[in-house]
Amino acid sequence: MIGDGVEAGYLAPYLEGHGITSRDTAFLFTIYGVTVSISAWMSGPLSDLWGPKRVMWIGLAIWAVFEVVFLAGGVATGSYPLMLFAYAMRGFGYPLFTYGFLVWIAAATPARMLGSAAGWFWFAFSGGLPTLGSLFASFAIPVIGEMSTFWASLGMVLIGGLMALLLTKEPTGSKRLAPKDVAPATIFFSSLSILWREPKTFIAMIVRTINTSSEYAFLVIMPAFFTKVIGFSLSQWLQLLSIVFLSNILVNLLSGIFSDRIGHRTVVAVGGGIGAALMVPAFYYVPQMYPGNFFVAAVIGALYGASLAAFVPLSGLVPQICPKEKAAALSALGLGAGASTWVGPAIVTWFESWRGIEGIIWIFSGLYVASALMTLALTVSPEARRHLEKMAARDRKATKAAARGDIADELALGERA
């Protein structure tokens, strides 16, 4: 994710500095976001069908191939149509890898630890995209140049991807997750039909879409705002972005752990929805009160990043809402996560000419208030709770059997499961 995040803070200004209009840049990110959302949804059913590890291999290959096409064929030649095609196709890559990994985690983790497991996942995700990615870019660009920094990102993606795939030995990820008698068409249809069969998954998808939509919009509009209005250099903007998401990754972990203790909905609604509704306007207005003051901008940015991280418990809550269809439920959440990558830039495309950046800021603030209200509806049904308790009891029995070294008990438990 460091490799994937290298470009996050400077691709937009780089393209605009090489003749691509801001509107075309926003459209590029919008189309990329559409393919990301399709891929994020597909990660669930494909993991059910082929196993998460195989899906991750496919995602890594797609990212690597189309990054080469994007850089060598599009950016290097200035061909916008080729950039648009290659960047859109590359959008299928990282969601298959990352959300396939999230399905693997959900399939292999006991229900009582899902909040913490989701926290660790998003800790690593946000640690790379764009926290350490942007930080690396801020130091690499002055030394090796912008184009070489793009190419360095490809090497990082390959190294990280191969480490995950070759060194992770947990067996669940290498196997088909769905029963053998379930047809592929049924698996794919279930990952869509769950949105109306279990309406709470649809609500969770909308909340997840709102969660990071402002982040992807800010990657389009905030580089110019902070460099031209606030007076920061490009390196300062990239360092500010790293601080925003350093806060984000720390609170990703903490919010997941706290949600296992004080409740998933509480953390998401209060820390996420209400917190982000306040911090999005603050991230715009407060730096203008102190132009050129990096410390003030960093403090507000850190609080904004923390508010986005408070949505992390959704990844632990949704599998509990639908414990019998974890992959399908996480596909809905993945669809929301992917949708945020195009919804954010799309809001910029549609509304920037109407009220400028200030109008966009208040649109997002209102959306976060709506997400807090929707989160209150994400309750675990009595039937799902009984299933979770049954699974927890089975896990406890398996643990005791393993501690006794009672292989026969373990085999019997596995057959019943």
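Note that the coordinates shown come from a computational prediction; the quantities given were computed from them, not determined experimentally.

A ring pair, where both rings are aromatic, is described by two values, the distance of the centres and the angle of the planes. In the structure shown here, the tally under the stated rule is 30 aromatic pairs. Aromatic rings pair up to connect Phe218, Phe225, Phe226, Phe232, Trp237, Phe283, Tyr284, Tyr285, Phe294, Tyr304, Trp362 and Phe364 into one cluster. Taking the ring centre of tryptophan 50 as reference, the NZ or CZ of arginine 54 above it sits at 4.7 Å.

At a minimum axis distance of 6 Å, the contact between helix α4 (residues 52–75) and helix α6 (residues 93–108) shows a crossing angle of 160°. By the criterion of interaxial angle, the relationship of α4 to α6 is roughly antiparallel. Between α4 and α6 the crossing geometry is left-handed. Of the residues in α6, those touching α4 at Pro52, Lys53, Val55, Met56, Ile58, Gly59, Leu60, Ile62 and Trp63 are Gly93, Tyr94, Leu96, Phe97, Gly100, Phe101, Val103 and Trp104. In the contact of α4 with α6, the residues fall into 13 nonpolar, three polar and one charged.

Take threonine 30: it is sitting in helix α3 (residues 22–50). In this structure, the C-alpha to C-alpha distance between threonine 30 and phenylalanine 295, residues 265 residues apart in sequence, is 32 Å.

Right, let's get into helix α11 (residues 234–262). Under the 1.5 Å per step criterion, the end-to-end length of α11 is 40 Å for 29 residues, consistent within 8% with the ideal 42 Å. Where α11 ends, the next residue or the one after it, glycine 263, has phi of about 110°, a positive value.

Time to look at the nonpolar core. Soluble globular proteins tend to pack their nonpolar side chains together in the buried interior. Core analysis: the largest hydrophobic core is formed by 107 residues, its most contacted members being Met222, Phe226, Phe283 and Tyr368. With residues near it in sequence (within four places) discarded, phenylalanine 283 still touches Phe218, Met222, Phe226, Leu240, Val244, Ala297, Ile300, Gly301 and Tyr304.

As a further point, take the packing of α3 against helix α9 (residues 184–197). Angle between the axes and distance between the axes are the two parameters that describe a pair of packed helices. Two numbers describe how α3 lies on α9: the axes approach to 9 Å, and their chain directions differ by 145°. The handedness of the crossing between α3 and α9 comes out as right-handed. Facing Trp41, Pro45, Leu46, Asp48 and Leu49 of α3, the residues of α9 in contact are Pro184, Ile187, Phe188, Ser191 and Leu192. Of the residues in the contact of α3 with α9, the class split is eight nonpolar, one polar and one charged.

Turning to the side chain of serine 138, a few remarks are in order. Tracing the sequence through the fold places serine 138 in helix α7 (residues 114–144). Serine 138 sits in the buried class, given a relative accessible area of 4%. Dropping the residues within four chain positions of it, serine 138 is found in contact with Ser235, Leu238 and Gln239.

Here we come to the pattern of salt bridges. Pairing between side chains becomes possible if they bear opposite charge and their charged atoms approach one another. Under the criterion given, the structure shown has four salt bridges. A salt bridge links arginine 90 to glutamate 67; its shortest N-O distance comes to 2.6 Å. On the criterion of sequence distance, the pair formed by arginine 90 in helix α5 (residues 80–90) and glutamate 67 in helix α4 is long-range, its members being 23 residues apart. Accessibility expressed as a relative area gives 0% for glutamate 67, which makes it buried. In this structure, the salt-bridge partner of arginine 197 is glutamate 325, at a minimum N-O distance of 3.0 Å. Here the residue arginine 197 occupies a position in helix α9, and glutamate 325 occupies one in the loop between α14 (314–321) and α15 (326–375), the gap between them amounting to 128 residues. You can call arginine 197 partly exposed: its relative accessible area is 37%.

What counts and how
- Residues numbered from 1 in each chain as written.
- Predicted model: local features only at pLDDT ≥ 70, side-chain atom pairs only at ≥ 80, totals over all residues.
- Heavy atoms only, no water.
- Phe/Tyr/Trp six-rings, centres within 6.5 Å; stacked < 30°, edge-to-face > 60°.
- Lys NZ or Arg CZ within 6 Å of the ring centre and 35° of its normal.
- Axes fitted to C-alpha atoms, helices over the stretch in contact; angles between N-to-C directions.
- Helix = DSSP H or I, 4+ residues; strand = E, 2+ residues; numbered from the N terminus.
- Parallel < 35°, antiparallel > 145°, perpendicular 65-115°, else oblique.
- Left-handed = near helix turned anticlockwise from the far one by under 90°.
- Contact = heavy atoms within 4.5 Å.
- Nonpolar A, V, L, I, M, F, W, Y, C, P; charged D, E, K, R; others polar.
- Expected span 1.5 Å × (residues − 1).
- Core = buried A, V, L, I, M, F, W, Y, C linked by side-chain atoms within 4.5 Å.
- Buried < 20%, exposed > 50% of the residue type's maximum accessible area, 1.4 Å probe, protein only.
- Salt bridge = Lys/Arg side-chain N within 4 Å of Asp/Glu carboxyl O.

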